[in-house]
Amino acid sequence: MTIFLSIRAIGRSRMPTEDPLGLPVAYVRQILDLAEARGANRLELLQELGVDAGALEQADARVSLIRAAALFRKSLELTGDPALGFEVGLGSRLTTHGFVGYGLMAFPTLRDALEFGRRFVALRTPFVMLDYRDEDGQCLFEVREAVPLGRLRQTMMELFLSGIWRMLPQLINDTVAEDPDILMCFDFAEPLHYAAYRSQLPRCAFGRPVNGLQFPSRYLDLRLGTANQTTVELVTRQCEQEFDLLGGDAVSVTARVRALLSESAPSFPSLVETAKRFNLSGRSLKRKLRAEGAGYQALLDQVREREARRHLAAGRLSIGDIATRLGYTDPANFARAFRKWTGQSPRDYRQG
C-alpha cells in the first residue's frame, strides 16, 4: 500500500484581488532574505510589496495574496533564478510554519499530523486546500489551489513539494531521506534548473498526471518522537482561535464548492444541492461564484477532469467504468468531454 501526497493545480488564471486570510509575514521575510542573497535589491522588493521594513517585524502581520504574488514575481525577475521555488521549499523548517508547524510535531503519528495540517492549512498558506482519501490500496492526500496561481504555478509546485519533502525527515527520522520507494511527481516537463537540486530531492518524475509525493503508507502510523499531548491541546486551541479571528469562514466560495465536489466524487451534488450545503439558494450561489469569476459547471468539469486523468493513469478501470464513476450515463459523452478538456480521447491518453 502507498500514500500519495498530491498537489494538483486547478486553475491557470490570474491571482484574485481579494483574499481574506493573507500570507503570514514569516514567509514574506523568507522570500525577501533569499532574493536579497541572490543579488536582488531589498528596497525595490519592499516597494513592490507596498510596505515598509518596519511592518515586516510584526510577528502576527499578514500580507495580501495579491501583494505576495507580486513580490514573488519581482523576486524571480530581479534574481533571474528560476529555481527560487526549490530554494524556498528546501530552506523551510517546521518552525517556519508557526503554531501549525509546532502542532505537526506534537501529534502522535504522521496520520494525525496530516489531518491537523489539512484542518488548519489556511492559517499558513490560504491559497491551497488539503484533502485525502483512501482508495484501491492507496491514500491520496491532495493539495488543491484555493485560488489560481497563474504564472507562478510551476514555481509554487516546486516550492510546496520540496517544502513537504523537507519536513518529512524532521517529523519521522533522517532515514526517510534514503528511502528509494519515495517518488516526487510533477505534471510539467523537467526544467533545466532541476539538475542542480537532484541530490537534495527524492527520485523525481516529470510529465506525470499529477504533482505529488508518493511514499509507503507504513510511515502513516509511526509514532513521532516529538509527540506531546499537552502541546497538541494548546496548539489546537490556539489555531482554532486564530482561525476564528481571521474569519476562516470567509475562504472563497469557489474554493469551498471545489472542495465539496472533490469530496463528493463520484456522487456529485447538483448546483441546488450544493447551495443547500452552504445555506444558500441556487441563485445566490451562482451570483457569488460569478463574482469570483467562476461557475458551478466549470468547477465540476475541473474535478471530473482530474478524476478522469487519475483513473486513466492508474489503469485499473475500463473507460466505461470511469465514465460511470464520473456521472456519465453514456461513455460517448464522457469521451467528448475528455477530448474537450485535454485534446485527446480517453484511450489515447491512457496509451500515451
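Residues numbered from 1 in each chain as written. Predicted model: local features only at pLDDT ≥ 70, side-chain atom pairs only at ≥ 80, totals over all residues. Heavy atoms only, no water.

Give me the environment of glycine 39: which residues, what numbers.
Along the chain, glycine 39 falls in the loop between helix H1 (25–37) and helix H2 (42–49). Separated by 40 residues in the primary sequence, glycine 39 and threonine 79 place their C-alpha atoms 6.2 Å from one another. (Helix = DSSP H or I, 4+ residues; strand = E, 2+ residues; numbered from the N terminus.)

Break down the packing of helix H12 (residues 296–314) against helix H14 (residues 331–342) for me, with residues and values.
H14 packs onto H12 with a crossing angle of 100° between their chain directions and a minimal axis gap of 11 Å. Compared by their axis directions, H12 and H14 come out roughly perpendicular. Packed against H12, whose contacting residues are Asp301, Arg304, Glu305, Ala308, Arg309 and Leu312, the element H14 presents Phe334, Phe338, Trp341 and Thr342 at the interface. Looking at side-chain class alone, the contact of H12 with H14 contains five nonpolar, one polar and four charged residues. (Axes fitted to C-alpha atoms, helices over the stretch in contact; angles between N-to-C directions. Parallel < 35°, antiparallel > 145°, perpendicular 65-115°, else oblique. Contact = heavy atoms within 4.5 Å. Nonpolar A, V, L, I, M, F, W, Y, C, P; charged D, E, K, R; others polar.)

Could you give me a rundown of H1, with the residues and numbers involved?
Counted at 1.5 Å a residue, the expected span for H1 with its 13 residues is 18 Å, and the 18 Å between its end C-alpha atoms agrees. Those residues of H1 lying buried are Val25, Tyr27, Val28, Gln30, Ile31, Leu32, Leu34 and Ala35. Contacts from the buried residues of H1 go to strand E2 (23–24), H2, strand E3 (62–63), helix H3 (65–79) and helix H4 (84–90). Immediately beyond the C-terminal end of H1, within one or two residues, lies glycine 39, with a positive phi of roughly 105°. (Expected span 1.5 Å × (residues − 1). Buried < 20%, exposed > 50% of the residue type's maximum accessible area, 1.4 Å probe, protein only.)

Which residues make up the packing of H1 against H3, and what values do they have?
It is the contact of H1 with H3, at a shortest axis distance of 10 Å, that shows an interaxial angle of 10°. By the angle between their axes, H1 is roughly parallel relative to H3. Taking contact as the criterion, the partners of Val28, Ile31, Leu32 and Ala35 in H1 are, on H3, Leu71, Phe72, Ser75 and Thr79. The residue makeup of the contact of H1 with H3, split by class, is six nonpolar, two polar and no charged.

An account of the packing of aromatic side chains is needed here, citing residue identities and associated values.
Taken as a whole, this structure holds 13 aromatic pairs when the rule is applied. When the centroid spacing of 6.0 Å and the interplanar angle of 50° are considered together, the rings of phenylalanine 334 and phenylalanine 338 count as tilted. Taken together, the residues phenylalanine 334 and phenylalanine 338, both in helix H14 and four residues apart, mark about one turn of the helix. Ring geometry for phenylalanine 338 versus tryptophan 341: centroids 6.3 Å apart, planes at 70°, classification edge-to-face. Here tryptophan 341 and phenylalanine 338 lie together in helix H14, a separation of three residues that amounts to about one turn. Among the residues examined, tryptophan 341 registers a relative accessible area of 19% and is labelled buried. In this structure an aromatic cluster arises from ring pairing among Phe86, Phe186, Phe188, Tyr194, Tyr197 and Phe206. Taking the ring centre of tyrosine 219 as reference, the NZ or CZ of arginine 218 above it sits at 5.1 Å. (Phe/Tyr/Trp six-rings, centres within 6.5 Å; stacked < 30°, edge-to-face > 60°. Lys NZ or Arg CZ within 6 Å of the ring centre and 35° of its normal.)

Give a description of H2 that names residues and reports values.
Along H2, the residues that are buried comprise Leu45, Leu46 and Leu49. In an axial view of H2, the angular spread of the buried residues amounts to 100°, which keeps them on one side of the axis. Set apart from the buried face of H2 by more than 90 degrees, the exposed residues are Leu43 and Gln47. The inward-facing, buried residues of H2 abut H1, E3 and H3. Capping of H2 at its N-terminal end is provided by asparagine 41; its side-chain oxygen lies 2.9 Å from the backbone amide nitrogen of leucine 43. With its phi angle positive at about 80°, glycine 50 sits one or two positions after the end of H2. (Arc of directions from axis to C-beta. Polar contact = N/O pair within 3.5 Å; in protein donor to acceptor, adjacent residues only side chain to side chain.)

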